[in-house]
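Each chain, letter by letter, is given below.
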Amino acid sequence: MLDKLRQWWQSLRQSQRITLILGCTLILVTIAVLAQLILRPAYTPLFTELEPLDAGKIIEELESANTPYQLADNGKTIEVPEDMVYRLRIQMASTGVLHSSGVGFELFDQKKFGITEFEQHVGYQRALQEELRRTIVQLSEVEQARVHLVLPRESVFLDDQVTPSASIALKIRPNVNLGSDQVRGIQSLVMGSIQGLTPENVHIIDMNGNMLNDTMKTNEEETLSASSMQRYELKKQYERELENRVQQMLNRILGPGRAVAMITADLDFDQQETVRTEHGPGAILSEQSVIEEGTSAATGGVPGMDSEMPGETMPFEDSGTGNGYSREQQATNYEVDTTQQVTVKAPGSIRSLSVSVVVDGTYLPANLDSIQQVVASAVGYSAQRGDQMTVSSMSFNDASIPSFEEPASEVIPPVALPVSPLVTGLALGALLLLILAVVFFRRRGNKRREMLLAIQADEEALLRAKEEKAEKKQIVLEEPQSGYRSVIKQISQEKPTEVVEVLKVWLRE
């Protein structure tokens, strides 16, 4: 094998040797680069969008633990090996390096002696601000947040009471909008964390100074707006459904694109509730009758006389006369027969319809009347309701009639994808190697083709000589032509291996 390899190397020209050496070198370099990329550990972000102070503290912790890392995004992102990211995050959280912007309620974990009431109040305010900030930055749209609270101290005097307030500054992520629902959620979060805080005392701004909660609508306004939009969509949907039905019918009758139908519906979205109460004659439950008769006797003298004066008593005398009386009372109890009927009219009924149909071409009035009757039946036309319908004919613009032929497929230009410099270099190296291989094998194929043609010519000459000798039945030795001898000699000197292979083939045959 070494002798054959040496002979093959000696048979190559100087340019072929240089090309082969360059190609092998390029292949080795490509393999080395790919091996480095494959064997290099994969890095993944540990923390992103870091402030310089936070990034510095995290880097100090990583360097003290001899942990490999790399910076990205102008120092805002720290990347570590993928298999260490979760352990490092837990470790950083436990060491407290992520709380550089403030301290939450862990501020009260250590008890301090001799602390004043003012210091305790300020500490509570700091802790509450940090806890709210940590909660707000959990929103995917918020990158950073600052919370400032005004927490007045309680007083026993009503005149000294101060209303609490809150100011929140948000840094929104690029190309992201904070919706009104998120702003309302932040406002509700702060109001629920501070006693006595009202919505008008919560101020939310972005980094450009724009008020985010100033233009928010109240719940009633949003409800009315949503109800109006819903009614508008229902109206449009109903009109579109009627137009599609009429258009499909006209397309089957007149042909596609030969008629246009537009419908406007006036819908009644008012909800009506009617309560009707009827009273019948009723039924008798009970009756009660009382009859009383009697006589009352007259006693005493004439008023104002001596008989009525005190100090002197007159003997009682019965005059034999009295007053008679009678009283009759009757009560009847009835069961009231009452019928109450409540009727609720569902919203969305049709007040009126306005239908307009235009057909292409010229039609007789009788044909237009037929089309009008068909359309009226399709949409549920009612003259008592006040519906309007118009059917007219006129010539359409041919350019506006839709074509039902399949459009020619458009050639979509290729989209250039971003390619990294490493991939570009590898692609160029592979392309150069392919070009060198094609040139090398092409030249080699041309040489072999020339040699095979020369050998084939010699074979044809020998075959012709054999045929002539067979016809004459005698052996005639002829000298080979001078041109072929020199060609074969030159080929055997340049390509000895190929000549040996050809001779082996001849010997086998």
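Refer to the structure printed above.
Residues numbered from 1 in each chain as written. Predicted model: local features only at pLDDT ≥ 70, side-chain atom pairs only at ≥ 80, totals over all residues. Heavy atoms only, no water.

**What about the overall build of the protein?**
Then, in step 1: Summing up its helical and strand segments, the protein has 11 helices and 13 strands in all.
Then, in step 2: Burial status across the protein gives 20% buried among its 509 residues.
Then, in step 3: The long-range share in the protein, meaning contacts at least 24 apart out of those at least 6 apart in sequence, stands at 71%. (Helix = DSSP H or I, 4+ residues; strand = E, 2+ residues; numbered from the N terminus. Buried < 20%, exposed > 50% of the residue type's maximum accessible area, 1.4 Å probe, protein only. Contact = heavy atoms within 4.5 Å.)

**Digging into the pattern of salt bridges**
Then, in step 1: The full count for this structure, using the stated rule, is 13 salt bridges.
Then, in step 2: A salt bridge links Lys236 to Glu239; its shortest N-O distance comes to 4.0 Å. Of this pair, Lys236 and Glu239 both sit in helix α7 (residues 219-254), 3 residues apart, which is roughly one turn of the helix.
Then, in step 3: Where Arg327 meets Glu292, a salt bridge forms, and the shortest distance between an N and an O atom there is 2.4 Å. (Salt bridge = Lys/Arg side-chain N within 4 Å of Asp/Glu carboxyl O.)

**Describing the environment of Leu132**
Then, in step 1: Relative to the assigned elements, Leu132 resides in helix α5 (residues 117-136).
Then, in step 2: Assessed through its relative accessible area of 4%, Leu132 is described here as buried.
Then, in step 3: Between the C-alpha atom of Leu132 and that of Arg146, which follows or precedes it by 14 residues, the distance is 8.9 Å.
Then, in step 4: With residues near it in sequence (within four places) discarded, Leu132 still touches Val147, Leu149, Leu189, Val190 and Ser193.

**Comments concerning the sheet that holds strand β7 (residues 259-268)**
Then, in step 1: Across the sheet, which stays open at both edges, the 3 strands sit in the order β7-β12-β13 with mixed pairing between neighbours. What marks the edges here is a single partner per strand, and that holds for β7 and β13 (388-394). Averaged over all pairs of adjacent strands, the angle between their axes in this sheet comes to 10°, without regard to strand direction.
Then, in step 2: Sheet topology places β7 next to strand β12 (residues 349-360); 10 bridges connect them, and they run antiparallel. Note that in β12 the partner of Ala265 across the bridge is Leu353.
Then, in step 3: Packing against the sheet, helix α8 (residues 365-379) makes contact with β7, β12 and β13, and its axis sits at approximately 140° to β13. (Pairing = 2+ DSSP bridges. Axes fitted to C-alpha atoms, helices over the stretch in contact; angles between N-to-C directions.)

**So, the sheet that holds strand β6 (residues 202-206)**
Then, in step 1: A sheet is described by the order of its strands in space; here 3 strands give the open sequence β4-β5-β6, paired in mixed fashion. Two strands lie at the open edges of the sheet, namely β4 (142-150) and β6, each paired on one side alone. Between one strand and the next, the sheet's axes are offset by a mean angle of 15°, whatever the strand orientation.
Then, in step 2: Where strand β5 (residues 165-172) lies against β6, 5 bridges are found, and the strand directions are parallel. The partner of Ser167 across the bridge, within β6, is His203.
Then, in step 3: With respect to the sheet, α5 is in contact with β4 and β5, its orientation differing from that of β4 by roughly 155°.
Then, in step 4: Strands β5 and β6 of the sheet are contacted by helix α6 (residues 180-193), whose axis makes an angle of about 140° with β6.

**Points about the nonpolar core**
Then, in step 1: Counting 21 residues, the largest nonpolar core has Leu250, Val357 and Val375 as the members making the most contacts within it.
Then, in step 2: The set of elements that each furnish at least two residues to this core consists of α7, β7, β12, α8 and β13.
Then, in step 3: Residues contacting Leu250, with those up to four places away along its chain left out, are Gly255, Ala259, Ala261, Val357, Ile371 and Val375.
Then, in step 4: Judged by nonpolar contacts, the second largest core, of 19 residues, contains Ile168, Leu170, Leu178 and Val183. (Core = buried A, V, L, I, M, F, W, Y, C linked by side-chain atoms within 4.5 Å.)

**Side note on unusual backbone geometry**
Note: most peptide bonds trans; most residues except glycine with negative phi.
Then, in step 1: Even without glycine at this site, Asp73 takes up a positive phi of about 55°.
Then, in step 2: Considering the arrangement of structural elements, one finds Asp73 in the loop between β2 (70-72) and β3 (77-81).
Then, in step 3: Owing to a relative accessible area of 43%, Asp73 belongs among the partly exposed residues under this scheme.
Then, in step 4: In this structure, Asn175 takes a positive phi of about 60° despite not being glycine.
Then, in step 5: By the secondary structure assignment, Asn175 is in the loop between β5 and α6.
Then, in step 6: Judged by its relative accessible area of 85%, Asn175 falls in the exposed class.

**Notes on the packing of helix α1 (residues 2-11) against helix α2 (residues 14-39)**
Any two packed helices are characterised by how steeply their axes cross, that is the angle between the axes, and by the distance between the axes.
Then, in step 1: In the contact formed by α1 and α2, the axes pass within 8 Å of each other and the chain directions differ by 115°. Between α1 and α2, the residues in contact are Trp8, Trp9 and Gln10 and Arg17, Leu20 and Ile21, respectively.
Then, in step 2: When grouped by side-chain class, the residues that make up the contact of α1 with α2 number 4 nonpolar, 1 polar and 1 charged. (Nonpolar A, V, L, I, M, F, W, Y, C, P; charged D, E, K, R; others polar.)

**Structural notes on the packing of α5 against α6**
Then, in step 1: Their axes nearest at 11 Å, the elements α5 and α6 cross at an angle of 155°. Judged by the inter-axis angle, α5 sits roughly antiparallel to α6. Here α5 and α6 pass one another in a crossing that is right-handed. The residues of α6 that touch α5, namely those facing Leu128, Leu132, Thr135 and Ile136, are Ile186, Leu189, Val190 and Ser193.
Then, in step 2: The residue makeup of the contact of α5 with α6, split by class, is 6 nonpolar, 2 polar and no charged. (Parallel < 35°, antiparallel > 145°, perpendicular 65-115°, else oblique. Left-handed = near helix turned anticlockwise from the far one by under 90°.)

**Some thoughts on helix α4 (residues 85-95)**
Given 3.6 residues to a turn, an α-helix orients residues that are three or four positions apart in the same direction.
Then, in step 1: Listed as buried for α4 are Val85, Leu88 and Met92. End-on, the buried residues of α4 take up no more than an arc of 65°, which puts them together on one face. Turned more than 90 degrees away from the buried face of α4, the exposed residues are Tyr86, Ile90 and Ser94.
Then, in step 2: On its buried side, α4 packs onto β1 (43-47), α3 (52-64) and β3. (Arc of directions from axis to C-beta.)

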